[in-house]
Amino acid sequence: MMEFRIAFIGFGVVGQGLAEILVEQKQMLKERYDFDFKVVAISDTMKGSVFDAQGFDLEKLLSIVKETGKIEDYPEGIKGWDSLKTITDSTANLILEVAWTDLKTGEPAITHVKTALKNKKHVVLTNKGPIALAVKELLALAEENNVEMRFEGTVLSGTPALNLGLYNLAGSGITKAKGIVNGTTNYILTEMEKGMDYESALKQAQELGYAEADPTADVEGYDALGKIVILANTVMGANLSKDEPPCEGITKITAEDITKAKAEGFRWKLIAGAEIRADGSVEAYVRPEKIPLNHPLANIMGPTNALTYTTKYLGDVTIVGPGAGRTPTGYALLADILDINRIVKE
Ligand code: HSE
C-alpha cells in the first residue's frame, strides 16, 4: 500500500474538520483500512503556510492554529510557500483543495487542481468551483496523468449523495434528481419558522460553519445551483454550464410567507432539481417550492439535506444526511481518500 503524503490547500473549517478526524482515527485507519499517511504541507492565504517532509505533529499544529490562527507559528518546517509552490515543490502525493469556493470563475482552485494533476498528484476536493465549472476537463486531465480525482464533498458534504448516484446506482436508469442541497438556507428557513429573524438565522448559519465565505451564494441559490449542475454533469451525463438553469434563492421569502404556508399545510423549501427530457437533454433548476407537510422533503429540517434519485429499475431512492458543516464536510475528504487508497497500489 502507498503512503499518502498530504498537502492541504486552504485550512479553514473543512480542512481542520478532516485534520481532527485524522488525529482521532489514525490508528483505526491503519488497522482497518491499511491507510497510512502523514500531512507534509499546508498553505492558506490567511493563516500562512508550512512544509515539512517529515510530516507534522497534526495535533500540535491544530492546537497552534486554534490558539494563534497562524500556521507559521508551528515550530518546524519551511514557511512562506504559496499554494502553487506547495503543490509543485512539496513532497505531497495527495492534494486536498479546500480553499474557498468561487462559483463565477472557479479560481484559484481550478489552477490548483490542474497544477496538481499535471504534477501527477492525486486530488480530493470539497471546493465546488472547479467541479461545477470544469469537471470533465479535470477528470480527463487526471486520467491523462494517471492519477485520481474525487469530489464527494461538493454535494451534501459527507453524505454520499454523489457516490450513490455515480457508483451504487450505476446502470439503474436515473432520470431525475431532486432535493434540498443547501444546508444554510434550510437552516435559515427552519429557524425562521421557529420565530428567528432572517439576519440572525443567517448569522448563526455562518457561526456554525454552514455558510459559504460569501453567503450570497447560499441565499441566492447559486450554491444549490452549482451542486445540481455537478450532479447533472457527473451522474446524469449532462453538459450544463452553471449559467443555464433558472435559479432563485430564498431572499424573497418573508416570515409571513412561512407562517401562511404552514397554516395551509405547506412548508417552503429551497429545491434543486435535474431531469432528463424526452430528447435526452437535461433540464435543471433551483427555486423555492411550497411542499405539502406530508411530503418527506417537508420534514428535512436544519442543516440536514436530502436527495431523491428517480430511477428506471428501483423507482425512487432517497438519501438524507448532513448537508454542511465542519466535521461532515471534513469526513467527505476522508471517504474519498479511502476510496483512492483502495484502488491505488503504489
Ligand atoms: N454553504 C454550503 C451549504 C456548504 O450551506 O450547503 C456545503 O456545501
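Residues numbered from 1 in each chain as written. Predicted model: local features only at pLDDT ≥ 70, side-chain atom pairs only at ≥ 80, totals over all residues. Heavy atoms only, no water.

**Observations concerning the sheet that holds strand β5 (residues 94–97)**
Here comes step 1: The seven strands lie next to each other as β4-β3-β2-β1-β5-β6-β7, forming an open sheet whose pairing is mixed. Strands with a single pairing partner mark the edges of an open sheet, and in this sheet they are β4 (78–79) and β7 (149–150).
Here comes step 2: Relative to strand β6 (residues 122–125), β5 runs parallel, the two sharing four bridges. Within the sheet, the bridge partner assigned to Leu-94 lies in β6 and is His-122. (Pairing = 2+ DSSP bridges. Helix = DSSP H or I, 4+ residues; strand = E, 2+ residues; numbered from the N terminus.)

**Here's the deal with the nonpolar core**
Here comes step 1: In this structure, Leu-117, Met-149, Leu-307 and Tyr-309 are the most contacted members of the largest nonpolar core, which totals 65 residues.
Here comes step 2: With sequence-adjacent residues up to four places away left out, Met-149 is seen in contact with Val-113, Leu-117, Val-123, Leu-125, Ile-131, Val-135, Leu-138, Leu-139 and Ala-142.
Here comes step 3: The next biggest cluster of nonpolar side chains, apart from the first, holds 34 residues, and it includes Ile-6, Ile-71, Leu-96 and Ile-340. (Core = buried A, V, L, I, M, F, W, Y, C linked by side-chain atoms within 4.5 Å. Buried < 20%, exposed > 50% of the residue type's maximum accessible area, 1.4 Å probe, protein only. Contact = heavy atoms within 4.5 Å.)

**A closer look at the domain arrangement of the chain**
One frequently used descriptor of interface size is the decrease in accessible area upon assembly of the parts.
Here comes step 1: When the domains of the chain are assigned, the result is domain 1 (3–158 + 326–345) and domain 2 (161–322).
Here comes step 2: Between domain 1 and domain 2, the C-alpha centre-to-centre distance is 27 Å.
Here comes step 3: Contacts between the two partners involve 20 residues from domain 1 and, on the opposite side, 26 residues from domain 2.
Here comes step 4: Here domain 1 packs against domain 2, burying approximately 1,800 Å² in sum over the two surfaces, 64% of which is carbon and sulfur.
Here comes step 5: For the domain 1 face of the interface with domain 2, the top three residues by lost area are Leu-103, Val-155 and Leu-156, together amounting to 34%.
Here comes step 6: Counting the contacts that link domain 1 with domain 2 gives two salt bridges.
Here comes step 7: A salt bridge links Glu-212 to Lys-128, with the shortest nitrogen-to-oxygen separation between them at 2.8 Å.
Here comes step 8: For the side of domain 1 that touches domain 2, the leading source of residues is helix α5 (residues 128–144), giving six residues.
Here comes step 9: Of the residues contributing to the side of domain 1 that touches domain 2, the split by class is 10 nonpolar, three polar and seven charged. (Domains from an automatic or database assignment. Buried area = accessible area lost by both parts, 1.4 Å probe. Salt bridge = Lys/Arg side-chain N within 4 Å of Asp/Glu carboxyl O. Nonpolar A, V, L, I, M, F, W, Y, C, P; charged D, E, K, R; others polar.)

**Side note on the sheet that holds strand β9 (residues 266–276)**
Here comes step 1: Pairing is antiparallel across the open sheet formed by five strands, whose spatial order is β10-β9-β8-β11-β12. Each end of this open sheet is capped by a strand with a single partner; those strands are β10 (282–292) and β12 (315–322). Taken pair by pair, the neighbouring strands of this sheet meet at an average axis angle of 20°, ignoring direction.
Here comes step 2: Here β9 runs beside β10; their pairing, made up of 11 bridges, is antiparallel. Residue pairing for β10: Gly-273 is matched across the bridge by Tyr-285.
Here comes step 3: Across the sheet, helix α6 (residues 161–168) touches β8 (174–180), β11 (304–311) and β12, and the angle it forms with β11 is around 20°.
Here comes step 4: Set on the sheet, helix α11 (residues 255–263) makes contact with β9 and β10; between it and β9 the angle comes to about 90°. (Axes fitted to C-alpha atoms, helices over the stretch in contact; angles between N-to-C directions.)

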